[in-house]
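# A closer look at the structure
Chain by chain, the residues run as shown.
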Amino acid sequence: MNPGLFEMIELSTRDRHLFTSFSTNLTLMREKLLTPLFKSRIDWISVSLDGFQQASYEMYRVNGRVQDVLDGIGMIMAWRKGNRLRYPYVQVNMIDFFHISAQDRSDLEKFCAAHEVDEFRVRPEQFGLMGRYDPTILREAPSKCHWPWTSMSIDCDGSVYPCPIAFEQRISYGNLATGSFKEIWNSELYVSTRAYLSRKGNVREDPPKLPCYSCRWYGKRPSARDDLVIREQRMQMARCGRGNEGEGPVAN
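Throughout what follows, the structure given in this document is the object of discussion. These numbers were taken from a predicted model, which means no experiment stands behind them.

## Digging into the pairing of strand S4 (residues 89-95)
Counting buried positions along S4 yields six of seven residues, so the element is predominantly enclosed. Direction of pairing for S4 relative to strand S5 (residues 119-123): parallel, over a ladder of five bridges. Paired with Asn-93 across the strands is Arg-121, a residue of S5. Taken together, S4, helix H5 (residues 102-114) and S5 constitute a β-α-β crossover, and its handedness is right-handed.

## Topic: the sheet that holds strand S2 (residues 44-48)
Strand order across the open sheet formed by four strands is S1-S2-S4-S5, with parallel pairing between neighbours. Of all strands in the sheet, those with a lone pairing partner are strand S1 (21-24) and S5, marking the two edges. Strand-to-strand, the axes of this sheet are offset by a mean angle of 20 degrees, without reference to chain direction. Across the sheet, helix H4 (residues 66-82) is in contact with S2 and S4; its angle to S4 comes to roughly 160 degrees. Contacts between H5 and the sheet are confined to S4 and S5, with S5 contributing the most and set at about 160 degrees to the helix.

Calculation criteria
Residues numbered from 1 in each chain as written. Predicted model: local features only at pLDDT ≥ 70, side-chain atom pairs only at ≥ 80, totals over all residues. Heavy atoms only, no water. Buried < 20%, exposed > 50% of the residue type's maximum accessible area, 1.4 Å probe, protein only. Helix = DSSP H or I, 4+ residues; strand = E, 2+ residues; numbered from the N terminus. Pairing = 2+ DSSP bridges. Right-handed = clockwise from strand over helix to strand, strands pointing away. Axes fitted to C-alpha atoms, helices over the stretch in contact; angles between N-to-C directions. Contact = heavy atoms within 4.5 Å.

This is how it looks when you write it as structure tokens:
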């Protein structure tokens, strides 16, 4: 959707010490974008593809065309192979929704294998849209969380988020339209997040509220009340039809 996307990535990859990636539904991928995509030298592309048949795909990806996504994956992998390149690493993710059949999942896995996709992952539905989610993977210790020391995700309006959990909860750590990179990187929220993850115990001070308090990947277990509030918020967002992945049907 952003016509300057690959130009922005190319600017950031001039220093090859930087790692660049983006997550996409890939519905807008076209042949004319292949040259700027590979010229940008992006390292990693994560494709969200929830179903192989149109009927199952559009159950969640409302108004999306699964063939556009499949064609996009095919042309990226063919270009990479034809030019003997090792980048970008391409990962295809499917959320394990109840409406996606075993056959659909198998067909998508075979498609990825045939096109030499680097990784095909089936992710659990973690957001409570299909009832309570009981994680099968134990959370890592907070000391293993790297996000606030290594990451700054920038939304199209300039809002900054240190990690996917902050993005889910819309806890912005600043905005590059009104503050500099250095100011945001050393802001109260970034500093408080690093301090919280670094110290022992589960002391939750007064504001700022941190996304760490309800993180499902790392850290200290949130209180039952926090879990309840978060679940209610997600269900409300789903009922309102908000369009981010995991927050209800997505209109492409």
